[in-house]
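# Descriptive analysis of the structure
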Amino acid sequence: MADNRGFLPGANCPLLNAFTNPGPSNSGEVPSLTGKDTSSNSTSLGAPSRRLWWLLVILNIFFLLVGQTAATLLGRFYYDQGGNSKWMSTLVQTIGFPLLFLALLYLPRSTTSTSSPSTHLLHLLLVYLVLGLIIAGDNLMYSYGLLYLPVSTYSLICASQLAFNSIFAYFLNSQKFTALIFNSVVLLTFSAALLGVNEDSDGSSNLSHKYYVLGFVLTLGASATYALILSLMQLSFDKVIKKETFSAVLDMQIYTAFVATCASLVGLFASGEWRGLQGEMEGFKSGKVSYILTLVGTAVSWQVASIGVVGLVFVVSSLFSNVISTLALPVVPVFAVIFFKDKMNGVMIVAMLIAIWGFASYMYQHYLDDLKVKIDAGQNNGTDFTGV
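Keep in mind it's a predicted model, so treat the numbers as computed, not measured. In every chain, residue numbers begin from 1 and rise along the written sequence. Residue-level local features of this predicted model are given only where pLDDT is at least 70; pairs of side-chain atoms are given and counted only at 80 or more, and the full residue set underlies all totals for whole chains, interfaces and linings. Side-chain descriptors were evaluated using all non-hydrogen atoms of the structure, hydrogens and water having been removed beforehand.

Further remarks concern the environment of L235. In this structure, L235 sits in helix α10 (residues 209-241). The classification of residues rests on relative accessible area computed with a 1.4 Å probe and restricted to protein chains. Under 20% of the type maximum is buried, over 50% is exposed, and intermediate values are partly exposed. A relative accessible area of 26% means that L235 is categorised as partly exposed. For L235 and V313, which are 78 residues apart along the polypeptide, the C-alpha to C-alpha distance reads 9.9 Å. Residues count as neighbours in contact if any of their non-hydrogen atoms are within 4.5 Å of one another. Apart from residues lying up to four places away in sequence, L235 is in contact with L172, N173 and V240. Only runs of H or I of at least four residues qualify as helices and only runs of E of at least two qualify as strands under DSSP, and these elements are numbered from the N terminus.

By nonpolar core we mean a set of buried residues, namely Ala, Val, Leu, Ile, Met, Phe, Trp, Tyr and Cys, connected to one another through side-chain atoms within 4.5 Å. The biggest cluster of nonpolar side chains holds 63 residues, and the ones touching the most others in it are V57, M88, M233, F237, M252 and L312. Filtering out sequence-adjacent residues up to four positions away, M88 remains in contact with Y78, L268, E273, L277 and L295.

Another aspect to go through is the side chain of T72. Inspection of the secondary structure assignment puts T72 in helix α3 (residues 50-80). A polar side-chain atom of T72 sits 2.8 Å from the main-chain carbonyl oxygen of Q68. With residues near it in sequence (within four places) discarded, T72 still touches L146, V151, Y154, S155, W302 and V332. Counted as a polar contact is a pair of N or O atoms within 3.5 Å, where, for protein atoms, one must be capable of donating a hydrogen and the other of accepting one, and residues adjacent in sequence contribute only when both atoms are in side chains.

Centres within 6.5 Å make a pair out of two Phe, Tyr or Trp rings, where for Trp the six-membered ring is used; the pair is then stacked when the planes are under 30 degrees apart, edge-to-face when over 60, and tilted otherwise. What the rule picks out here adds up to 15 aromatic pairs. When the ring of Y78 is compared with that of Y291, the centres are 6.2 Å apart and the planes differ by 45 degrees; the resulting orientation is tilted. Taken together, the residues Y78 in helix α3 and Y291 in helix α13 (residues 288-315) connect sequence positions 213 residues apart. Taking the relative accessible area as the measure of exposure, Y78 reaches 2% and is therefore buried. An aromatic cluster is built from F77, Y78, Y79, F284 and Y291, whose rings are joined through pairwise contacts.

With that out of the way, let us pick up empty space enclosed by the protein. Empty space among the atoms becomes visible once a probe the size of a water molecule is rolled across them. Each cavity reported here is a set of points on a 1 Å grid over the protein atoms alone in which a 1.4 Å probe fits but cannot get out, each pocket an open set with protein on both sides within 12 Å along at least five of seven lines, and each lining residue one with an atom within 4 Å of a point. Grid points are joined across faces, edges and corners, and a volume is the space filled by probe spheres set on the points. Under the defined criterion, the tally for this structure stands at five cavities of 30 Å³ or more. A volume near 530 Å³ is recorded for the largest cavity. Lining the largest cavity are 31 residues; nearest its centre among them are Q68, Y142, Y226, W302 and V309. Put simply, the parts of the chain that give the lining of the largest cavity at least two residues each are α3, α6 (117-148), α7 (151-158), α10, α11 (246-271) and α13. The volume enclosed by the second largest cavity comes to roughly 70 Å³. Surrounding the second largest cavity, A71, T72, G75, S89, V92, Q93, Y142, S143, L146, Y154, T298 and W302 form its lining. Listing elements by their share of the lining of the second largest cavity, those giving two or more residues are α3, α6 and α13. The residue makeup of the lining of the second largest cavity, split by class, is six nonpolar, six polar and no charged. Amino acids are sorted into nonpolar (Ala, Val, Leu, Ile, Met, Phe, Trp, Tyr, Cys and Pro), charged (Asp, Glu, Lys and Arg) and polar (every other residue, Gly among them).

We now examine the pattern of salt bridges. The salt bridge criterion pairs a side-chain nitrogen of Lys or Arg with a carboxyl oxygen of Asp or Glu, the two atoms within 4 Å. Summed over the entire model, instances satisfying the criterion amount to one salt bridge. The salt bridge involving D80 is made with R76; its shortest N-O contact spans 2.9 Å. Separated by four residues within a single helix, D80 and R76 lie in helix α3, roughly one turn from each other. In this structure D80 comes out as partly exposed when scored by relative accessible area, which is 27%.

With that settled, consider the confidence of the model for the protein chain. Per-residue confidence from the prediction method is given by pLDDT, with values spanning 0 to 100. For the protein chain, mean pLDDT is 76; residues scoring 70 or higher make up 74% of the total. The least confident element of the protein chain, judged by mean pLDDT, is helix α1 (residues 14-20) at 33; the most confident is helix α4 (residues 86-91) at 96. Note that pLDDT drops below 50 for residues 200-205; the model gives that stretch 12 contacts with residues more than four away or on any other chain.

Shown next, in the form of structure tokens:
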């Protein structure tokens, strides 16, 4: 995990106490970024103040953006320097989960449960098993996509996960589907479609048509699966886990990552790719040390990103978590052009602008939801928020 100074002190950390020592507060409701009622959530979270709630959101956003950008670029670097194992690329996306046990050591565990212990444990195991297996399959599709596509094209296609998530969130998480959200879905769909017909001019000429199409389809499928995972995580928190503590978030990440890691290891050995790892390390263009550091750095970066993802699902919603993940959209292609010499033609720039427009549409909807909460709170308290 990244710098843990905000979490490790334990009893002296106000950020930690807001989760682990829930209690009454006079600070009011948590602001809404999801289009749903947050009054019950604020109570279950110990009613943290607006300022503290935003601090939690910003911290998770930082983890997600930094981790996701670094992991994507390192993943492409692995392939460019001679790495070729799809299962190794899949494995490093989850194998860093033991780092999260450091945080669990300092988090008090809740002893309360809303269901019988045996039933609750059985449901938890089923949730972790199913989500872990889905995550492993999703990571494998992402690995193939990153191998067969330029990283700039890959990143732009990944923005389609926002459109998929809005659909899953509507059916699974009772999320509102407003005109602005619908507009965003349409724009992101157009953006992905533009990339789908742009194979001849985006730097993919070294790949055959078959591999480009395969990479496109697998990346699109991975984006849809990732959106489903986020919605299933939120549904699990709401219906099964029912423990409103940050340790529950870490449990979700650790145990699903453990299952995904086991599945990836099985795939690595069953496919026979493990036999070529020694030669792959020796033939790595930037050296053996760079090979090891690349894999370790990728593993750590994915765990940082995962904490941000799960934290935002818990603190806000799966929809908002996916919205924030698209913030890396304009960042990754820029770094790809700088470090990997990817080509950015007119069609790709238009696709990027359309995707950013779709993202902005989502963010404006969240702004309206938050403003509505402020106005309602102001009316209840006799305060005028109409000028916000």
